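The primary structure of each chain is shown beneath.
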Amino acid sequence: MKPENLLFAETHEWAHIAHEAGGQVATVGISAFAVEQLTDLVYMELPEVGATVAAGEEFGEVESVKAVSPLFSPVAGEVLAVNTELPDHLETLHASPYDKGWIARIRITDESCLTKLLDYAAYQKQCAAAGDDPA
Amino acid sequence: MNTARLITHTPSPGAWNMAVDEALLQSAAVTGTITLRVYGWSEPTLSLGYFQPYRDREYHAPSRPCVVVRRATGGGAIVHDHEVTYSLTAPTDGRLKRRLDDWYRLVHETWIRTLAELGIAAHRCLQTDPQKEQQFLCFHRRSAGDLLLGSAKIGGSAQRRHAQAVLQHGSLILKRSVAAPELAGIAELSGRDLSDRAWLDGWVSSLGQALNVCWQSGELTDEETRRAEELERTKFGHLRWTQRR
């Protein structure tokens, strides 16, 4: 997926929104910028399938060599699936953050959460303001 | 220059120490307070990294008699005995005007400067050694920025990041522990006994300058104490947390 076609949370998670079976499903992951900032990832804890998450709620964790950081759900909904191969192949996040590095698929239950997400241009601006160029 | 709080605590049990650090992290997110806490351990204590399996402690015989706690931060296990331990908590709103990655460097560089004034030539590890990243003990691992004396690791730090605040805590080994006899401390490596801790004032002052903050001695607020007591009871002192993996 091209980052231009994704929505981004201020906390660096991305969401790709698709219409499925009368509803909206978000495929979510973390941005290339976030992966670059975290560096040397060693562990990841995924959300549980079936869990209900609120937008902005912590739904997973990732450990780099020096830091444990939370992952925040960019949307509100029910976790339909998780990328179970990802924790054993964290290098995928570097190689393919917007495709093979997806973390979870979430059935959106409250579409109003989408209005708080940024488009790619706005997200790039946020990253640049943080002192770095977005990847 | 920002004002920041300096808390010096007498040696305390491990679960309480971890609970206080997390209470300070939560407090930093709400109040914006920057806090440096310097503390110790009332008995030799093994702390597991957040993602380490509990059963792995069985492979390290010397620390089996130790009380065990699980940290909220990552990395390898640490035997806390003859060491200086600190925690630094601050909001992530840029008040410190530093990237989070810089915190390691700042703390460790101020350790290096302070130790140099005492005639001890420590230095930073230049490169992470991926082959050592799975070692059980943190001080057997080698990450870029770790504090080394010769080739021995004597100091390390780890972070827990939240949306609005970050906790970094770390340890500096002063002396070898019977619970980790394979790890030498500053005393064995340099012949200098720093256990009187008189030198700590110099380090705190140096860190304040590096962070551009002015320390003011303080204590936990009533709310932080209440929160720490709750976290000790429900999380860090509870087997559900310690044996969660």
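Everything below is about the structure printed above this text.
The paragraphs below set out a description of the structure included in this document. Quick caveat, the model's predicted, so the values are computed rather than measured.

**Comments concerning the nonpolar core**
- L36, W203 and W215 of chain B are the most contacted members of the largest nonpolar core, which totals 34 residues.
- Looking at this core, the elements with two or more residues in it are β1 (2–8), β2 (35–39), β6 (83–91), α2 (100–117), β8 (147–149), β10 (165–173), α4 (200–211) and β11 (213–217) of chain B.
- Leave out the neighbours within four places in its chain, and L36 of chain B touches R5, L6, I7, Y86, S87, L88, W203, V204, L207 and W215 of chain B.
- With 29 residues, the next largest nonpolar core counts A15, L41, L93 and I108 of chain A among its residues.

**Quick notes on unusual backbone geometry**
- One non-glycine residue, R197 of chain B, adopts positive backbone phi at about 65 degrees.
- A positive phi angle, near 60 degrees, is found at N212 of chain B, a position not held by glycine.

**Remarks on the interface of chain A and chain B**
- Every contact between the two is made by 17 residues of chain A and, on the other side, 23 residues of chain B.
- Of the roughly 1600 Å² buried between chain A and chain B, counting both surfaces, carbon and sulfur atoms make up 45%.
- Area buried by chain A at its contact with chain B is led by Y43, K66 and V68 of chain A, which between them contribute 39% of it.
- Applying the counting criterion to the chain A and chain B interface returns 4 salt bridges.
- Between E45 of chain A and R244 of chain B there is a salt bridge, with the nearest N and O atoms lying 3.9 Å from each other.
- On the surface where chain A and chain B come into contact, there are 7 residue pairs in polar contact (both at pLDDT 80 or more).

**Observations regarding the packing of aromatic side chains**
- A complete count under the given rule lists 12 aromatic pairs over all chains for this structure.
- Three or more aromatic residues link up through ring pairs in this structure, and these residues are F8, W14, Y98, Y120 and Y123 of chain A.
- Over the aromatic face of Y39 of chain B sits the side chain of R37 of chain B, whose NZ or CZ is 3.8 Å from the ring centroid.
- If you follow K153 of chain B out to its NZ or CZ, it ends over the ring of F139 of chain B, 5.5 Å from the centre.

**Description of the environment of V79 of chain B**
- Within the secondary structure, V79 of chain B sits in strand β5 (residues 78–80).
- Those residues in contact with V79 of chain B, other than ones at most four positions away along the chain, are T45, L46, H60, S63, L137, S177, A179 and A180 of chain B.

**Notes on the layout of surface pockets**
- Within this model, the second largest pocket holds a volume of roughly 330 Å³.
- Lining the second largest pocket we find 18 residues, and of these T39 and K66 of chain A together with D101, Y104 and A144 of chain B sit closest to its centre.
- When residues of the lining of the second largest pocket are traced back to their parent elements, those giving at least two are α1 (32–38) of chain A together with α2 of chain B.
- Looking at which element gives the most residues to the lining of the second largest pocket, the answer is α2 of chain B, with 4 residues.

**Re the sheet that holds strand β1 (residues 7–8) of chain A**
Residue and element names in this part refer to chain A.
- Spatially, 6 strands are ordered β1-β2-β3-β9-β8-β5 in an open sheet, and the strand pairing comes out antiparallel. Looking along the sheet, the strands with just one partner apiece sit at the ends: β1 and β5 (52–53).
- Where β5 and strand β8 (residues 77–82) come together, 2 bridges link them in antiparallel fashion. Among the inter-strand pairings, T52 is bridged to a residue of β8, identified as E78.

**Some words on the side chain of K153 of chain B**
Residue and element names in this part refer to chain B.
- Along the polypeptide, K153 turns up in strand β9 (residues 152–161).
- Within the structure, the side chain of K153 is placed 2.9 Å from the backbone oxygen of C138, a separation counted as a polar contact.
- Reaching out from K153, the side chain makes a polar contact with the side chain of D146 at a distance of 3.0 Å.
- Contact partners of K153, with chain neighbours within four places excluded, come to C138, F139, R141, R142, D146, L147, L148 and I173.

**Digging into empty space enclosed by the protein**
Residues and elements named next belong to chain B.
- Applying the stated criterion across every chain, the model contains 3 cavities of 30 Å³ or more.
- Approximately 180 Å³ is the volume attributed to the largest cavity.
- Contributions of two or more residues to the lining of the largest cavity are made by β5, β9 and β10.
- Sorting elements by how many residues they give to the lining of the largest cavity places β9 first, with 4 residues.
- A per-class count over the lining of the largest cavity returns 7 nonpolar, 12 polar and 5 charged.
- Reported here for the second largest cavity is a volume of approximately 120 Å³.
- In terms of lining, the second largest cavity is formed by 15 residues, of which the most central are V79, I173, S177, A180 and L183.

So, how was this worked out
- Residues numbered from 1 in each chain as written.
- Chains lettered and ligands numbered in written order.
- Predicted model: local features only at pLDDT ≥ 70, side-chain atom pairs only at ≥ 80, totals over all residues.
- Heavy atoms only, no water.
- Core = buried A, V, L, I, M, F, W, Y, C linked by side-chain atoms within 4.5 Å.
- Buried < 20%, exposed > 50% of the residue type's maximum accessible area, 1.4 Å probe, protein only.
- Helix = DSSP H or I, 4+ residues; strand = E, 2+ residues; numbered from the N terminus.
- Contact = heavy atoms within 4.5 Å.
- Buried area = accessible area lost by both parts, 1.4 Å probe.
- Salt bridge = Lys/Arg side-chain N within 4 Å of Asp/Glu carboxyl O.
- Polar contact = N/O pair within 3.5 Å; in protein donor to acceptor, adjacent residues only side chain to side chain.
- Phe/Tyr/Trp six-rings, centres within 6.5 Å; stacked < 30°, edge-to-face > 60°.
- Lys NZ or Arg CZ within 6 Å of the ring centre and 35° of its normal.
- 1 Å grid on protein atoms, 1.4 Å probe; cavity = no way out; pocket = protein on both sides within 12 Å on 5 of 7 lines; lining within 4 Å.
- Points joined across faces, edges and corners; volume = space filled by probe spheres on them.
- Pairing = 2+ DSSP bridges.
- Nonpolar A, V, L, I, M, F, W, Y, C, P; charged D, E, K, R; others polar.

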